[in-house]
Structures are given as C-alpha cells and as structure tokens.
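Here are the chains, one letter per residue:
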Amino acid sequence: MLDLAFAPGDKYLAIGCVNSVVRIYSTSGLKQTHEYRKHRLSVRKIEWHPDANRLQLASLDEEANFIVFDYVLNQVVYSVADFGKNFIFTNSGKTLVSCNKDIRVWNYSDCKLMHTFSIGEAEIETLCLIDIGQGAALEQAGRTAAGLLFGGEEVPLSILNLNEPSQPPQPIEGLCHGPLMKIMKLGSSKRIVVVSHEQNIAVVSYRQNSFTLESTFLGYNDEVIDVKFSKATADGYFDRES
C-alpha cells in the first residue's frame, strides 16, 4: 500500500497498491466492494472528488498516468498520460492541480489542461491549497483567492496565487529545514503541517500571506517518509497542544 483516502462522508476507503491495483472498501465491516487494475505501475496517489454525490476516485501511478474511476458506474471515466508527479483537487472539485517540474491546472469536467505555471528544473513533490485574502476589496465582496503551497527535495516551500497567473511564486522562509516532503492543511483551521525528510514536522498558522511557526516536532531516528492525520482527532489534538 502506497496511499489511502476516505471518500466524503467516510463510507468508503480506497487504497492504492504497489501491484498497480486500486481497492475500495466499505468502512462498515471493511468489506471490499470494488477493485480495478487500470494502472501498469504502483499507484502512488489517490484522492476522492470532494463532491460526495459524484463518488469518483482519482489515482496516479509511478508513470504519471492519471485515472478517474466512477464508483457508481463501475468504470473509468477519464484517463490522462503524463499528468504529473502529484495532484490535488480544488475545494469545489471543478479543477485539479498537478505538478512535476511545473504546475498545471486542469478542468475536471473534461480533464483538459487550462494553464501551466513554469517553476524551474527541480521536481515539485507536494501540493496544498489554502485560501488567502487579497485585500479589503475582495474581502468585502466575500471572495478569497486560491493559494497553492508547494515544495520538494530541491524546491523550497513557496506559495503561488492561482488566480494571478502573472505573479511569480513567493518563497516562504524559516518554516522548514531540510528537503520538503509533504504539506497538509490541518482540518478547517488556519493551520498547515509542513513535513521534511530530515526528522521534523512543523505546525504553521497563516493569515492571508503571513505564516507563523507555532511548534516543531522532533525526535525521529530515521527519515520521515510519510504522515497522515487521524480523521477524528486532527483539529482537537493540535488545539490542545498549541
């Protein structure tokens, strides 16, 4: 197993496997309900569409082949080659963001490429979307802009405003030491968790484009290769510790 993801509503759990298989289980009794073998290599990333009514599962393999499986129809509805090394849905599910050495924005309704942001020559490994305010005018209109946090082993932690293609990404300094492995939003709070390969996990709060380091967890004896939240306790745990 390389990745797992709960469907919206937590009724189903999907697992991406090293043998190119994706398995879906009912969380009631953990009985397998579906299995598909449409990938040729290990399935490195899976994520459900955020709309619970769709029940569609996106998966990405080591060859950067991207597949969307419809649970209700029991069939693949989209397949895209050279999609990227990682991907993430926007909150609405109308668009997808993928990365490799660049960042690409895709229209989900037809999986067509909408925009490409050129970043550099090093590979981007992790993505995280947050809402960033864009001044009083947008706040009064009740709007926020989509901020994309990204980084990698050779790519420093940076933020990109997806609504402003002309603006270059801005580096965020002082929050993560060593090669960056993962960025995750902490539930519904204005916090993110930044994980490096070099044994540290940082909890960071943010407001608009300002980021503050709250705490750092150390003490691992080997490099960190992955981290996930416990669904029931993520917000509460860090609230008690902060």
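About the thresholds
Residues numbered from 1 in each chain as written. Predicted model: local features only at pLDDT ≥ 70, side-chain atom pairs only at ≥ 80, totals over all residues. Heavy atoms only, no water. Phe/Tyr/Trp six-rings, centres within 6.5 Å; stacked < 30°, edge-to-face > 60°. Helix = DSSP H or I, 4+ residues; strand = E, 2+ residues; numbered from the N terminus. Buried < 20%, exposed > 50% of the residue type's maximum accessible area, 1.4 Å probe, protein only. Lys NZ or Arg CZ within 6 Å of the ring centre and 35° of its normal. Pairing = 2+ DSSP bridges. Axes fitted to C-alpha atoms, helices over the stretch in contact; angles between N-to-C directions. Core = buried A, V, L, I, M, F, W, Y, C linked by side-chain atoms within 4.5 Å. Contact = heavy atoms within 4.5 Å. Polar contact = N/O pair within 3.5 Å; in protein donor to acceptor, adjacent residues only side chain to side chain.

**Describing the packing of aromatic side chains**
Within the structure shown, the criterion is met by ten aromatic pairs. Aromatic side chains tyrosine 12 and tyrosine 71 sit 4.5 Å apart centroid to centroid with 45° between the ring planes, which places their arrangement in the tilted category. Within this pair, whereas tyrosine 12 is found in strand β2 (residues 12–16), its partner tyrosine 71 is found in the loop between β7 (66–70) and β8 (75–80), the two being separated by 59 residues in sequence. Taken individually, tyrosine 12 and tyrosine 71 each receive the classification buried, so the pair is uniform in this respect. Measuring from ring centre to ring centre gives 6.3 Å for phenylalanine 87 and phenylalanine 89, while their planes differ by 85°; the resulting arrangement is edge-to-face. Phenylalanine 89 shares its class with phenylalanine 87; the two are buried. One aromatic cluster in this structure is built from Phe66, Tyr78, Phe83, Phe87, Phe89, Trp106 and Tyr108. One cation-aromatic arrangement involves lysine 45 over phenylalanine 87; the distance from NZ or CZ to the ring centre is 4.7 Å.

**Section: the sheet that holds strand β6 (residues 56–61)**
If you trace the four strands from one edge of the open sheet to the other, you get β5-β6-β7-β8, paired in antiparallel fashion. Pairing within the sheet leaves two strands with one partner each, and these edge strands are β5 (43–48) and β8. Taking the axes of each pair of neighbouring strands and ignoring which way they run, one obtains an average angle of 20° across the sheet. Bridge analysis of β7 against β8 gives five bridges, and the strand direction is antiparallel. If you follow isoleucine 67 over to β8, its bridge partner there is serine 79.

**Some details on the nonpolar core**
Formed by 17 residues in total, the largest nonpolar core has its most connected members in Ile130, Leu149, Ile183, Ile192, Val194 and Phe211. The set of elements that each furnish at least two residues to this core consists of β13 (126–132), β17 (180–185), β18 (191–196) and β19 (201–207). If we skip the residues at most four places from it in the chain, valine 194 touches Leu157, Cys176, Leu180, Lys182, Ile183, Asn200, Ile201, Ala202 and Val204.

**So, the side chain of glutamate 47**
Within the fold, glutamate 47 resides in strand β5. For glutamate 47, a relative accessible area of 19% translates into the label buried. In this structure the side chain of glutamate 47 is engaged in a polar contact, spanning 3.5 Å, whose partner is the side chain of lysine 45. With sequence-adjacent residues up to four places away left out, glutamate 47 is seen in contact with Ala5, Gln56, Leu57, Ala58, Phe87, Ile88 and Phe89.

**A short note on the sheet that holds β2**
Read from one edge to the other, the open sheet built from four strands follows the order β1-β2-β3-β4, with strand pairing classed as antiparallel. If you trace the sheet from one side to the other, it starts and ends with β1 (3–6) and β4 (31–36), each paired once. Adjacent strand axes in the sheet meet at a mean angle of 20° when their direction is disregarded. Both strand β3 (residues 22–26) and β4 contribute to a ladder of five bridges, which runs antiparallel. In the sheet register, serine 26 faces β4, and the bridge partner there is lysine 31.

**Describing the pairing of β2**
With respect to burial, β2 is a largely interior element, five of its five residues being buried. Burial of the side chains of β2 extends over both faces: Tyr12, Ala14 and Gly16 are buried on one face and Leu13 and Ile15 on the other. Two strands pair when backbone bridges link them, and β1 and β2 are joined in this way by four bridges, in the antiparallel orientation. Along β2, the bridge assignment pairs leucine 4 with isoleucine 15.

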